[in-house]
Amino acid sequence: MTAVITGAAGGIGLALAEALHARGEQLLLTDIDDTALAEVAARLGATAVPADVADPGAMAALAERAPEARLVCLNAGILGQSLGAPWEVPAEDWDRVFAVNVAGVVNGLRAFVPRLLAAGEPARVLITASLAGLAVFPGGGAYGPAKHAVTALATHAAMALADTPVRVTMLCPALVATGISAEGVPPSEVAAEALRAMDEGRFTVTPPEWHGAVVRQAGQRVAGEVPGVPGPVLD
Ligand SMILES: NC(=O)c1ccc[n+]([C@@H]2O[C@H](COP(=O)([O-])OP(=O)(O)OC[C@H]3O[C@@H](n4cnc5c(N)ncnc54)[C@H](O)[C@@H]3O)[C@@H](O)[C@H]2O)c1
């Protein structure tokens, strides 16, 4: 089986590539950073196809390179340049964050899902969303709104594919120590949990101490309150 991973040259995507390589999977890796991607691919014996996930044609070409793919990890994402309130974020930042984080996932689904359905075999799609797509954290600029769109996309895709051999796993991590965050858990931990969730055909919000924050903020909103800043709940 071949696994395709977007944003595979660093962070969570690289950790997914390493974890799947350890399982003996063939890898087709893509990233916009072609130099880092070439190094990773050489180390893991993978095929490297540099691409920008925001480009629908590039994602279609990627899918054509991998007709035997049965696992597709739509993982690439960026933090914007401005992390201010909505009106403080420049228009070009809104455009690029939505182009990569939201359209990147749409382009991946449009390129790969019809092929997976046509193959008629068990297949998996992993979508890296974020805890910031399930609860609102002030100070993230366009990132949180884009990740809310990604959780809606992943959930809709999972619903629409429920009666097919294609299973969708939505991955919603809190902070992970990668290129976009100095703090957080190691990406290898998140990749390991993502693989467990895929094996079990479920979504995952990780680590679990954030589950209560998501539920509490939803409750505050339906109660008509403006939510406070969410925080972890330790049992
Ligand atoms: N780090 C965190 O705290 C955290 C938390 C929740 C979710 N996430 C999500 O995890 C995913 C991976 O991010 P990460 O934390 O590993 O960051 P990262 O910056 O370490 O890795 C992201 C990779 O994606 C690549 N990339 C960026 N734009 C691209 C594009 N247009 N096309 C193709 N590749 C592109 C980068 O070159 C990089 O290699 C993202 O979707 C991110 O939003 C991260």
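You'll find the structure just up there.
Residues numbered from 1 in each chain as written. Predicted model: local features only at pLDDT ≥ 70, side-chain atom pairs only at ≥ 80, totals over all residues. Heavy atoms only, no water.

(A) A look at a nonpolar patch on the surface. Among the surface-exposed residues, L79, L83 and I180 lie close enough to one another that they form a single nonpolar patch of about 220 Å² accessible area. By secondary structure assignment, the location of L83 is in the loop between β4 (69-74) and α4 (91-119). (Patch = residues over 30% accessible without salt bridge, like charges linked within 9 Å, V, L, I, M, F, W, Y side chains within 5 Å. Areas by Shrake-Rupley, 256 points an atom, 1.4 Å probe, with all protein chains shown as cover. Salt bridge = Lys/Arg side-chain N within 4 Å of Asp/Glu carboxyl O. Helix = DSSP H or I, 4+ residues; strand = E, 2+ residues; numbered from the N terminus.)

(B) Looking closely at the site of the ligand. As a matter of local geometry, the ligand sits amid 30 residues, with I12, D31, Y143, V176 and T178 nearest to it. For the ligand, an oxygen atom lies 3.4 Å from a polar atom in the backbone of G10. Between D52 and the ligand, the recorded distance is 2.8 Å, taken from a side-chain N or O atom to a nitrogen atom. More than half of the atoms of the ligand fall within 2 Å of the grid points belonging to the largest pocket. The set of elements that each furnish at least two residues to the shell around the ligand consists of α1 (11-22), α4 and α5 (143-160). Partitioned by chemical class, the residues of the shell around the ligand number 15 nonpolar, 10 polar and five charged. (Near = heavy atom within 4 Å. Polar contact = N/O pair within 3.5 Å; in protein donor to acceptor, adjacent residues only side chain to side chain. 1 Å grid on protein atoms, 1.4 Å probe; cavity = no way out; pocket = protein on both sides within 12 Å on 5 of 7 lines; lining within 4 Å. Sits in = over half its atoms within 2 Å of the grid points. Nonpolar A, V, L, I, M, F, W, Y, C, P; charged D, E, K, R; others polar.)

(C) Looking closely at the packing of aromatic side chains. Tallied over the full model, the rule gives two aromatic pairs. Taking 6.0 Å as the distance between ring centres and 40° as the angle between the ring planes, the aromatic pair formed by W94 and F98 counts as tilted. Of this pair, W94 and F98 both sit in helix α4, four residues apart, roughly one helical turn. A relative accessible area of 23% means that W94 is categorised as partly exposed. Residue classification places F98 among the partly exposed positions, given a relative accessible area of 28%. On the basis of an interplanar angle of 65° and a centroid distance of 5.6 Å, the ring pair of F137 and W210 is categorised as edge-to-face. Residue F137 is located in the loop between β5 (123-128) and α5, and its partner W210 is located in the loop between β7 (204-206) and α7 (211-222); the two are separated by 73 residues in the primary sequence. In this structure W210 comes out as buried when scored by relative accessible area, which is 15%. (Phe/Tyr/Trp six-rings, centres within 6.5 Å; stacked < 30°, edge-to-face > 60°. Buried < 20%, exposed > 50% of the residue type's maximum accessible area, 1.4 Å probe, protein only.)

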